[in-house]
Every structure is written in structure tokens, then in C-alpha cells.
Amino acid sequence: MFESLLLELNTSIEMRGGESSELPNDIRSFRGKRGNCLITNWLWQVPGFRRWRVTNLNAGDNLQVLNSVAYPDYDNDQPIMGIDLLWFGTKKKLVAVLDFQPLVQNKEYFGRHYDGLISLNSKFPELCKNTSMHSFDPKQYFSPWLLFCRGGIEEARFSLPRAFNEFLKCYWDLHNQMTNRAPKLSPEEVRRLQMDYDTYSYQRDPAHGLFASYFGKSWTNKFVRSFLFPDSQVDELNFYKSSKLK
Ligand code: BLA
């Protein structure tokens, strides 16, 4: 379902000078024990970003996922870019989340970074349904203008590809603007907030159980710790508690 969006994302990263980093073989791509499930990962070094990861999970009609997170350099306080797209083929259900994930939640920060996302949000009302969150806290690391919908084939086929293209453009535009603007948060604060983001996401991300069911606990543990949220400050015991793994 998301092949063309994956290609668009990776191509746009490459056009910005992104180079893919070496990954251990079993992280670059890994086949699950259960069903026909393949996960493929990219780790990009992109000028202006300290880390940019992309994940594609293909479990056929059960589930397709495109997930990506971009962490700007510490001397740039622009939001983290977050993409999480899920297509449950059998049920024909889409979960789509696209956001500029704010480091802090205040008027001044929103005023500096959100003009683009605000207009994108109003352009795609069908992707901004008033959907409530079960695992995450909408007031932490999510913006009031995120594109978030639980939809179906219409949204997946028609609105999403258009919104995705504009979303990427909008994030690159913000990045370009930042080269001419002084950040208000210090590099130390940005570093701490980006690390907190990893810890928060590590504790809340509803995907851990899903990964464990496809790929087993031991691979999942390593993957989540080393690839998805390497800066998270959580001990293993908490991981098992918070990820609902048994
Ligand atoms: C929800 N994301 C989910 C769900 C799964 C994943 C299984 C639950 C689906 C549902 O609510 O019906 C899957 N999450 C993944 C996968 C990865 C992952 C496969 O991290 C890793 C490869 N999630 C993000 C990012 C954002 C995000 C970057 O990883 C921000 C744009 C958002 N995902 C997000 C939100 C929900 C979600 C807001 C709904 C969760 C809720 O209801 O609280």
C-alpha cells in the first residue's frame, strides 16, 4: 500500500544529500517467524539531521507499515518529524499519523514552527478527524495540528499520497528557513528533549507487542532498543512492563 510513499520519502532524503548508513544485517531486513512478514529499515545520515530512520513492515494483507522519524541536529530546535502509516488490508483500515512533533508545547514555539503544518491541516480535513489517542498523550510530543485519521481505502488512496507529498515539502521548507533563523532552545535543551522523546516513545509506543508477535521477544527487544529509540533512558524491567510483552 505504501510502496510509492516509501520511494518518495527515501528519494527525497537522497536528493537532500542523505547517505544510508550500514546496519547490522538482521536490522537492515528481517523476516518474521509468523506468517509472511518482512521488516526493512534504513538509517540515513542527512545534512542538518543527526538521525533519520525509516521502517517498512510488510505483513501482506494483515498489515503494511511505513514509519519514519527525523531528528534535527542539536543546534536546530525545529520539531522532530514523525510519520506512522498503517494499512490493515483485510479490514481495509488505515491509521495515518503525520506530525511535526514539538519539543516543547508553548505559543512562542508553535508560532515559530507551525505556519506550514497549520495550513496543511486545514487543507486535508479528511485526514484530521477528531480521533482520540489511547496509548500516547496528545499534549506530549504531538502538535495540535497533526494529521491523524483512522480511515479507509478512500483516504489511503486519494488524500494520503497528496498530503504526504506536501507534508514532506513543508518539513523541508521549515528546515531551510531554520538555516537563516536562530533557535531559541539551546543545543543542550534540544539534546535533552530529543532524548526524552525517545524515552517517552519507548514507553508508550503501541507497536512493541505487535513486533514481538511477528519477530519474537529477543529480536524485538534489540530492535526497539538499538534502532527505534536508542536514546531512551529506560531499564529492561520497565520495558517489559510498559510494552505489555509477556
Ligand atoms: C498507533 N502505531 C500505532 C499502532 C501501531 C503502530 C501498531 C496502533 C494502531 C491503532 O491504534 O490502531 C505501529 N509504531 C508502529 C510501528 C512503529 C511504531 C510499526 O513506532 C515502528 C516501526 N507513532 C510513531 C510516530 C508517530 C506515531 C513517529 O512511531 C507520530 C507521527 C503516532 N501511532 C501514532 C499515534 C497512534 C499510533 C498517534 C495512535 C495511538 C493512540 O491511540 O494513542
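All of these numbers come straight from a predicted model, not from anything done at the bench. (Residues numbered from 1 in each chain as written. Predicted model: local features only at pLDDT ≥ 70, side-chain atom pairs only at ≥ 80, totals over all residues. Heavy atoms only, no water.)

A. Geometry of the overall build of the protein. Helix and strand counts for the protein stand at nine helices and eight strands. The C-alpha radius of gyration computed for the protein amounts to 17 Å, which stays within 12% of the reference 18 Å derived for 246 residues, consistent with globular compactness. Dimensions along the principal axes, computed over C-alpha positions, put the protein at roughly 50 × 40 × 35 Å. Out of the 246 residues belonging to the protein, those deemed buried represent 51%. Contacts spanning at least 24 positions in sequence make up 64% of the contacts within the protein whose residues lie at least 6 apart. Only carbon and sulfur atoms are counted for the fraction: they give 52% of the accessible area of the protein, which is about 11,800 Å². Mean positive and mean negative side-chain charge positions of the protein (31 and 28 charges, respectively) differ by 7 Å. (Helix = DSSP H or I, 4+ residues; strand = E, 2+ residues; numbered from the N terminus. Rg over C-alpha atoms; globule rule 2.2 N^0.38 Å. Buried < 20%, exposed > 50% of the residue type's maximum accessible area, 1.4 Å probe, protein only. Contact = heavy atoms within 4.5 Å. Areas by Shrake-Rupley, 256 points an atom, 1.4 Å probe, with all protein chains shown as cover. Lys, Arg positive; Asp, Glu negative; His and termini not counted. Charge placed at Lys NZ, Arg CZ, Asp CG, Glu CD.)

B. Region of the structure containing the packing of aromatic side chains. Taken as a whole, this structure holds 25 aromatic pairs when the rule is applied. Ring geometry for Y114 against W145: centres 5.5 Å apart, planes inclined by 40°, an arrangement best described as tilted. Highlighted residues: Y114 in the loop between α3 (107–113) and α4 (115–123) and W145 in the loop between α4 and β8 (147–151), separated in sequence by 31 residues. Taking the centre distance of 5.2 Å and the plane angle of 65° together, the rings of F136 and F142 count as edge-to-face. Residue F142 is classed as buried on the basis of its relative accessible area of 6%. Among the aromatic side chains, those forming a connected cluster through ring pairs are F49, W52, F100, Y109, F110, Y114, W145, F167, Y171 and W172. A cation over an aromatic ring shows up here: R51 above the ring of F227, its NZ or CZ 5.6 Å from the ring centre. A cation over a ring is seen here: K91 above F88, with NZ or CZ 5.3 Å from the ring centre. (Phe/Tyr/Trp six-rings, centres within 6.5 Å; stacked < 30°, edge-to-face > 60°. Lys NZ or Arg CZ within 6 Å of the ring centre and 35° of its normal.)

C. Fine view of unusual backbone geometry. For K92, which is not glycine, the phi dihedral falls at a positive 55°. Within the fold, K92 resides in the loop between β6 (80–88) and β7 (93–101). Here the phi dihedral of Y141 falls at roughly 65°; this positive angle occurs in a residue that is not glycine. Locating Y141 in the fold gives a position in the loop between α4 and β8. Residue Y141 is classed as buried on the basis of its relative accessible area, which comes to 8%.

D. Here's a closer look at the site of the ligand. As a matter of local geometry, the ligand sits amid 26 residues, with N67, D84, H134, S135 and D205 nearest to it. Note that an oxygen atom of the ligand is positioned 2.9 Å from one of the side-chain N or O atoms of N67. R150 places a polar side-chain atom, nitrogen or oxygen, 2.9 Å from an oxygen atom of the ligand. Contact with the protein chains covers 92% of the free accessible surface of the ligand, which is 830 Å². A molecule is said to occupy a pocket when more than half its atoms come within 2 Å of that pocket's grid points, and by this definition the ligand occupies the largest pocket. For the shell around the ligand, the elements supplying multiple residues, two or more each, are β5 (63–72), β6, β7, β8 and α7 (208–215). Along the lines of polarity and charge, the residues of the shell around the ligand split into 16 nonpolar, seven polar and three charged. (Near = heavy atom within 4 Å. Polar contact = N/O pair within 3.5 Å; in protein donor to acceptor, adjacent residues only side chain to side chain. 1 Å grid on protein atoms, 1.4 Å probe; cavity = no way out; pocket = protein on both sides within 12 Å on 5 of 7 lines; lining within 4 Å. Sits in = over half its atoms within 2 Å of the grid points. Nonpolar A, V, L, I, M, F, W, Y, C, P; charged D, E, K, R; others polar.)

E. Quick look at the pairing of β8. Counting buried residues along β8, four of its five residues qualify, which places the element largely inside the surrounding structure. In this structure, β7 lies alongside β8, joined through five bridges in antiparallel fashion. By the bridge assignment, V95 is partnered in β8 with R150. (Pairing = 2+ DSSP bridges.)

F. Representation of the pattern of salt bridges in the model. One pass over the full model with this rule turns up eight salt bridges. Here K184 and E108 are joined by a salt bridge, their closest N and O atoms 3.4 Å apart. Here E108 lies in helix α3 and K184 lies in the loop between α5 (153–178) and α6 (187–204), a separation of 76 residues in the sequence. K184 gets classed as exposed once you look at its relative accessible area, which sits at 57%. (Salt bridge = Lys/Arg side-chain N within 4 Å of Asp/Glu carboxyl O.)

G. Here's a closer look at α4. For α4, the set of buried residues is L117, L120 and N121. One side of α4 holds all its buried residues, which, seen down the axis, span an arc of 105°. Residues of α4 that are exposed and angled more than 90 degrees away from the buried face: D115 and S122. Those residues of α4 that are buried lie in contact with β7, β8 and α5. (Arc of directions from axis to C-beta.)

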